[in-house]
Amino acid sequence: FSGELEDMSRLLALDWLDLSDNELSGPLPAFPAAVRWIDLSNNRLAGALELPPPAADSERLLVLLNLASNKLSGSLPASVTSAAPHLSFLDLSHNSLSGSLNAFAAALAPTNQLLQVNLSHNKLTGEVPGRMAILAAVRPVMVTMKDGYTPVHRI
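Chemist: What is the right way to look at the packing of aromatic side chains in this model?
Modeler: Two measures describe an aromatic ring pair: the distance that separates the ring centres and the angle between the ring planes. A complete count under the given rule lists 1 aromatic pair for this structure. Residues Trp 16 and Trp 37 carry aromatic rings whose centres are separated by 4.6 Å and whose planes lie at 25° to one another, so their mutual orientation is stacked. Of this pair, Trp 16 sits in strand E2 (residues 16–18) while Trp 37 sits in strand E4 (residues 37–39), and the two are 21 residues apart along the sequence. Judged by relative accessible area, Trp 16 falls into the exposed class, the value being 53%.

Chemist: What's the story with the sheet that holds strand E1 (residues 2–4) in this structure? I'm lost.
Modeler: Working definition: the strands of a sheet are paired by backbone hydrogen bonds and lie parallel or antiparallel to each other. Pairing is parallel in the open sheet, where 6 strands are placed in the order E1-E3-E5-E7-E9-E11. Pairing within the sheet leaves two strands with one partner each, and these edge strands are E1 and strand E11 (123–124). The sheet contact formed by strand E9 (residues 96–99) and E11 spans 2 bridges and is parallel. Pairing of Gly 99 across the sheet is with Leu 124, part of E11.

Chemist: Sorry if this is basic, but what is going on with the pattern of salt bridges here?
Modeler: Working definition: two side chains of opposite charge can pair if their charged atoms are close together. Counted by the stated rule, this structure contains 2 salt bridges. Residue Arg 36 is joined to Asp 15 by a salt bridge in which the shortest nitrogen-to-oxygen separation is 3.5 Å. Residue Arg 36 is located in the loop between strand E3 (23–26) and E4, and its partner Asp 15 is located in the loop between E1 and E2; the two are separated by 21 residues in the primary sequence.

Conventions and cut-offs
- Residues numbered from 1 in each chain as written.
- Predicted model: local features only at pLDDT ≥ 70, side-chain atom pairs only at ≥ 80, totals over all residues.
- Heavy atoms only, no water.
- Phe/Tyr/Trp six-rings, centres within 6.5 Å; stacked < 30°, edge-to-face > 60°.
- Helix = DSSP H or I, 4+ residues; strand = E, 2+ residues; numbered from the N terminus.
- Buried < 20%, exposed > 50% of the residue type's maximum accessible area, 1.4 Å probe, protein only.
- Pairing = 2+ DSSP bridges.
- Salt bridge = Lys/Arg side-chain N within 4 Å of Asp/Glu carboxyl O.

Right under this line is the structure:
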């Protein structure tokens, strides 16, 4: 498949979306709050990574978000963790994300479900924030980050 994805927020019964390994382009579309699995890896999606919060009367149920190997750019926003409190697996590797992880880590709530975060092969700078290490004390968390200056970190 090729082309841009349209707004999917009206597909209320959508539970699982796997459109990996295509030639999809353009920005990330809106998704319904009930979707649990999104794999859009290995495409040509570009622009900022934004995950808008669900409507006030619903809760985002997203467990897996794989956007690896696209052309996403900009910083890693706090909205990724705050808009998806059930997120367990996050793969944003092989994009052009830049900056530090401070805002992302600051938005992590103690009840956050993150188990694996792959941020390797981006343009991120700095160390893995201590806030992410606190989560590792509660449960196993793997964070992979390489920015060319710091080694890969595993917590």
